[in-house]
Amino acid sequence: MRNLNLALNCFILIFCINACQPESPKVHYPTPHPNEKPSVFLPGIVSSGSDSLDFNAAFALDGKTFYFSRSIKGKYTIMESVFNGKEWQQPVTSQLFDTSFSNTDPFFSTDGSLYFISNRPKDGNDSIDDYDIYVMRKLNENWKDPERLTINSDSTEYYVSVSHTGNLYFASYRDGNLDLYMSLNKGGQYEKPLLLTALNSLADEHDPLIAPDESYIIFNSSREGGFGQADLYISHRLNGQWQTPINMGAAINTTSYEYCPNFGPDQKYLFYSSEYDVKWISANILNSYQ
């Protein structure tokens, strides 16, 4: 009887653990799904196929709204496409952002906060024409006003990526070159950004995508030896040290410019921007760079 009760208790414990695990978001990816070769994402909807520059890729955590950026008459505008239960709708300008300014580079952290960059002035006395990092958070399902992060400088900051612990990765011109930085999240406050020396070169580095557990990072670089104007690179962190970045190869990189990497909410696909469009590829390709 004791063994039976022990087995029953173990079964109940396992059941409760599994039942209490958060479900992976249901993302209604369009078909056909890509494998180890990239495809253009939602052609005619997200990727317009015209001379329009379409870039960025950020799903809301519920997988039902897709945000991306479009260059419209020299202004960056964040667009959104909604899944209506059957198909993805034609995009519209997102009303979450003040469209009197340029807004771009949306990124959702795991707590649902929405990060982006904007050239809006920080206050009425701000005359510097640069981009800063902002975040919007929800309160009772309503979006609060954007907050300008304290880590911003008087130079342009680009493209935010946030780990599960809240550590923030971004690019900045603050030291004269476009380089990668990270800021530790300590109790909800960001510490002074650190230059990621092992990842940067004399060329430009930007658009970092940090793995949720910070075990690797994908970023854009225009360093010598690439396939085109700028390529995507990956670096793994071993024993707390970033390893020499590896070019992600011809499976992803072209003679053009690859940038803006991001994952879907379920981590199944890697999204990035290339040749004026948004592209996606199976995240299994990351196994090639171990």
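Okay, so let's go over this structure.

Let us now look at the environment of Thr-255. With respect to the helices and strands, Thr-255 occurs in the loop between strand E22 (246–247) and strand E23 (259–263). Judged by its relative accessible area of 66%, Thr-255 is exposed. Considered as a pair, Thr-255 and Asp-145 are 110 residues apart in the sequence and their alpha carbons are 40 Å apart. When neighbours within four sequence positions are excluded, Thr-255 is seen to be in contact with Phe-227, Gly-228 and Gln-229.

Throughout the structure, instances matching the rule amount to 26 aromatic pairs. With centroids separated by 6.0 Å and ring planes inclined at 70 degrees, the aromatic side chains of Phe-59 and Trp-88 adopt a geometry described as edge-to-face. With Phe-59 in strand E2 (residues 54–59) and Trp-88 in the loop between strand E4 (75–82) and strand E5 (92–93), this pair connects stretches of sequence that are 29 residues apart. Here Phe-59 matches Trp-88 in class, with each residue buried. Cluster of aromatic residues (ring-pair linked, three or more members): Tyr-29, Phe-41, Phe-59, Phe-66, Phe-68, Phe-83, Trp-88, Tyr-269, Phe-271 and Trp-280. In this structure, Arg-120 packs its charged tip against the face of Tyr-134, placed 5.3 Å from the ring centre. One cation-aromatic arrangement involves Arg-174 over Tyr-181; the distance from NZ or CZ to the ring centre is 5.3 Å.

Read from one edge of the open sheet, four strands run E2-E3-E4-E5, paired in antiparallel fashion. Each having just a single partner strand, E2 and E5 make up the two edges of the open sheet. The pairing of strand E3 (residues 65–72) with E4 spans eight bridges and is classified as antiparallel. Within E4, the position partnered with Arg-70 by the bridge is Thr-77.

What counts, and where the lines are drawn
Every chain is numbered on its own, with residues counted from 1 as its sequence reads. The predicted origin of the model limits local features to residues at a pLDDT of at least 70 and limits the giving and counting of side-chain atom pairs to 80 or more, whereas totals for whole chains, interfaces and linings rest on all residues. As a rule here, side-chain values come from all non-hydrogen atoms in the structure, and water together with hydrogens is ignored. Going along the chain from the N terminus, every DSSP run of H or I of four or more residues is numbered as a helix, and every run of E of two or more is numbered as a strand. The cut-offs for exposure are 20% and 50% of the maximum accessible area for each residue type, with area from a 1.4 Å probe on protein chains only; residues under the lower value are buried, those over the upper are exposed, and the others partly exposed. Should any heavy atoms of two residues lie within 4.5 Å, those residues are counted as being in contact. In this scheme Phe, Tyr and Trp rings, the latter by its six-membered ring, pair at centre separations within 6.5 Å, and the angle between planes marks the pair as stacked below 30 degrees, edge-to-face above 60, and tilted otherwise. By the criterion adopted, a ring carries a charge over it if an Arg CZ or a Lys NZ lies within 6 Å of its centre and within 35 degrees of its normal. What makes two strands pair is DSSP finding at least two bridges between them.

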